[in-house]
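Structural description and commentary
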Amino acid sequence: MALKRKDLLTIRELESDEIHLILDTADSMKEIASRDIKKVPALRGKTLINLFYEPSTRTRTSFEIAGKWLSADVINISTTVSSVTKGESLLDTGKTLQAMRPDVVVIRHPVPGAPKILADRLQASIINAGDGAHEHPTQALLDLLTIRERLGRLKGLTVAIVGDISHSRVARSGIQAMRKVGMDVRVAGPPTLLPRHPEELGAQVTTDVEAAIADADVIMMLRIQRERQGPTLLPSLREYSRLFGLTVERVKKAREGVLIMHPGPLNRGVEIAPEVADGPYSLILDQVTNGVAIRMALLYLLTGGHAATN
Ligand code: CP
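So, a few notes on the structure that sits alongside this text. (Residues numbered from 1 in each chain as written. Predicted model: local features only at pLDDT ≥ 70, side-chain atom pairs only at ≥ 80, totals over all residues. Heavy atoms only, no water.)

1. Remarks on the overall build of the chain
Counting its secondary structure elements, the chain contains 11 helices and 9 strands. Projected onto the principal axes, the alpha-carbon positions of the chain cover approximately 55 × 50 × 35 Å. Going through the 310 residues of the chain one by one, you find that 54% of them count as buried. Of the contacts made within the chain by residues no fewer than 6 positions apart, 74% connect residues no fewer than 24 positions apart. Accessible surface computed for the chain: about 13800 Å², of which carbon and sulfur atoms make up 51%. (Helix = DSSP H or I, 4+ residues; strand = E, 2+ residues; numbered from the N terminus. Buried < 20%, exposed > 50% of the residue type's maximum accessible area, 1.4 Å probe, protein only. Contact = heavy atoms within 4.5 Å. Areas by Shrake-Rupley, 256 points an atom, 1.4 Å probe, with all protein chains shown as cover.)

2. Observations regarding the pattern of salt bridges
Applying the stated criterion across every chain yields a total of 16 salt bridges. A salt bridge links K6 to D7; the shortest N-O distance between them is 2.9 Å. Looking at K6, the relative accessible area reads 31%, which means it is partly exposed. Close ionic contact of D120 with K116 constitutes a salt bridge, the shortest N to O distance being 3.0 Å. (Salt bridge = Lys/Arg side-chain N within 4 Å of Asp/Glu carboxyl O.)

3. Notes on the site of the ligand
In the vicinity of the ligand, the contacting residues are S56, T57, R58, T59, R108, H136, Q139, P263 and G264. One of the backbone nitrogen or oxygen atoms of G264 is found 3.3 Å away from a nitrogen atom of the ligand. Protein chains bury 92% of the 260 Å² of accessible surface belonging to the ligand in isolation. (Near = heavy atom within 4 Å. Polar contact = N/O pair within 3.5 Å; in protein donor to acceptor, adjacent residues only side chain to side chain.)

4. Digging into the pairing of strand 1 (residues 47–52)
Most of strand 1 sits inside the fold, with 5 of its 6 residues counted as buried. Two strands pair when backbone bridges link them, and strand 1 and strand 2 (residues 73–78) are joined in this way by 6 bridges, in the parallel orientation. Note on strand 2: the bridge partner recorded for L51 is I77. With helix 2 (residues 58–69) bridging strand 1 and its parallel neighbour strand 2, the resulting β-α-β unit is right-handed. Two strands pair when backbone bridges link them, and strand 1 and strand 3 (residues 104–109) are joined in this way by 5 bridges, in the parallel orientation. By the bridge assignment for strand 3, L48 is matched with V104. (Pairing = 2+ DSSP bridges. Right-handed = clockwise from strand over helix to strand, strands pointing away.)

5. Notes on helix 11 (residues 284–302)
With 19 residues, helix 11 extends 27 Å between its outermost C-alpha atoms, agreeing within 8% with the 27 Å of an ideal straight helix rising 1.5 Å per residue. Maximal helix bending in helix 11 amounts to about 25°, located at N290. For helix 11, the buried fraction is high: 14 of the 19 residues fall into the buried class. (Expected span 1.5 Å × (residues − 1). Bend = angle between axes of the 7 residues up to and from the residue.)

Now the structure itself:
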């Protein structure tokens, strides 16, 4: 089975069977990481460009590793050293890159919809690596893979997403992905960090973090995105940590063995206590590992690869 689309821009556009196809393909890709020589020829002769207009550690590095393990030629463009600093527009940068015939362009951009601008105009496959507060589809997919790997299923599970919901592209993509595969989602955060129309999220919404995490199978903590907030939304980080942070005491009130996730980067001691982030139920580093597998799967499927049929 193949993924019949040129680009991956949003979770919203994916059917649930496409999500399962990507997860199953990523599962089969994981074996490559355990080899002595981490290299297969699946993308030999293909060119991948990583075009990042915002900082990234996990997403950019994992796309680079994924491309290299699949034998693609990988080029990283940091906008701080590209002609973007000379005023070149996104579209002109995109046309310039297209003239060099890449097969895939991975883009992170602060403006919602920027990946679609390229997708509508370039022949290359475009993958959204995060566009403003809009979507981060590959993060949602790696989160699903991580939960399925640990709990053996997705349907019927309950996830509590806690923190800065309104500025979070991770929450926006995550909620949609979870709903599409039959999971229940609760979100919690201070009123100033919840969206103005919370009913549009498709999740139960509360300002009571303990109500949100009670009986949840998974707790996903979000980073406080100071860079996307105005100065008045969160007057005190200490108060935020006391009211909404995931402390050892709060975890004790949740379900025994509840799984703890965070997309990173972490603000230790703000939204999550270090003992929880490094504790036995934390899947934070599994999320990073699975990020490589999901990105290998997407590069493979978007460039015409087929999932193995059992
Ligand atoms: N989760 C995530 O997108 O991390 P980076 O910003 O480091 O890519």
